[in-house]
Amino acid sequence: VQLVESGGGLMQPGGSLRLSCAASGFTFSNYFMSWFRQAPGKERELVAVITSGGGTTNYADSVKGRFTISRDNAKNTVYLQMNSLKPEDTAIYYCNANRAVPPLRNYWGKGTLVTVSS
């Protein structure tokens, strides 16, 4: 099983980035996919989640209206489009795959660093 994040980097406030997470080794379309983030000195927090078919999404209040999660089940990839970036969005962003029905499974990627600074 692998979740490989990409697309992180340094961006100025107000800019945009798109993160990608390529999945392999499991049946991607059976899993809810989420993005979490962890800022220095803080706990990991949920940023956005999308259901297995992509029909429902939910977001942390701090990113609503700025971030959009999407998925392509044909490509086994989940995305996070981040617009109007703020310095407080600086964090390591992690991809998560969760199967909430038996057999229960939960997988994590290694993360990609996003730094928002002028």
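Being a predicted model, the structure only gives us computed values, none of them experimental.

Asker: Can you help me understand unusual backbone geometry in this one?
Answerer: Note that the residue after Pro-102, namely Pro-103, is joined by a cis bond; omega there is -5°. Checked against the element boundaries, Pro-103 lands in the loop between strand 9 (91–99) and strand 10 (105–108). Here Asn-76, not a glycine, exhibits a phi torsion of approximately 55°, which is positive. Among the secondary structure elements, Asn-76 is positioned in the loop between strand 7 (67–72) and strand 8 (77–82).

Asker: Hey, could you run me through the packing of aromatic side chains in this one?
Answerer: The full count for this structure, using the stated rule, is 5 aromatic pairs. A ring pair is formed by Phe-26 and Tyr-31, whose centres lie 4.7 Å apart and whose planes are at 65°; its orientation type is edge-to-face. Take Phe-26 and Tyr-31: they sit in the same class, and that class is buried. An aromatic cluster is present here, built from Phe-26, Phe-28, Tyr-31 and Tyr-107 joined pairwise through their rings. One cation-aromatic arrangement involves Arg-44 over Trp-108; the distance from NZ or CZ to the ring centre is 4.6 Å. Stacked on the ring of Phe-28, the Lys or Arg Arg-71 has its end atom at 4.4 Å from the ring centre.

Asker: Help me understand the state of the cysteines, please; the structure alone is not making it clear to me.
Answerer: What makes a disulfide is a covalent bond joining the sulfur atoms belonging to two cysteines. A full pass over the atoms with the stated rule returns 1 disulfide. With its sulfur 2.1 Å from that of its partner, Cys-21 forms a disulfide with Cys-95. One disulfide, between Cys-21 and Cys-95, carries an S-S torsion of -85° and so falls in the left-handed class. With Cys-21 in strand 3 (residues 17–24) and Cys-95 in strand 9, this residue pair connects regions lying 74 residues apart in the sequence. Residue Cys-95 is classed as buried on the basis of its relative accessible area of 0%.

Asker: Just checking my understanding: could you explain the sheet that holds strand 8 for this structure?
Answerer: Strand pairing in a sheet relies on backbone hydrogen bonds, with the paired strands running either antiparallel or parallel. Spatially, the 4 strands line up as an open sheet ordered 1-3-8-7, and their pairing is antiparallel. The sheet terminates laterally at strand 1 (2–6) and strand 7, the two strands that pair on one side only. This sheet shows a mean twist of 15° between the axes of neighbouring strands, independent of strand direction. Bridging between strand 7 and strand 8 involves 6 bridges; their strand directions are antiparallel. From the neighbouring strand, Arg-71 faces strand 8, where its bridge partner is Val-78.

Rules used in this analysis
- Residues numbered from 1 in each chain as written.
- Predicted model: local features only at pLDDT ≥ 70, side-chain atom pairs only at ≥ 80, totals over all residues.
- Heavy atoms only, no water.
- Helix = DSSP H or I, 4+ residues; strand = E, 2+ residues; numbered from the N terminus.
- Phe/Tyr/Trp six-rings, centres within 6.5 Å; stacked < 30°, edge-to-face > 60°.
- Buried < 20%, exposed > 50% of the residue type's maximum accessible area, 1.4 Å probe, protein only.
- Lys NZ or Arg CZ within 6 Å of the ring centre and 35° of its normal.
- Disulfide = S-S within 2.5 Å.
- Pairing = 2+ DSSP bridges.
- Axes fitted to C-alpha atoms, helices over the stretch in contact; angles between N-to-C directions.

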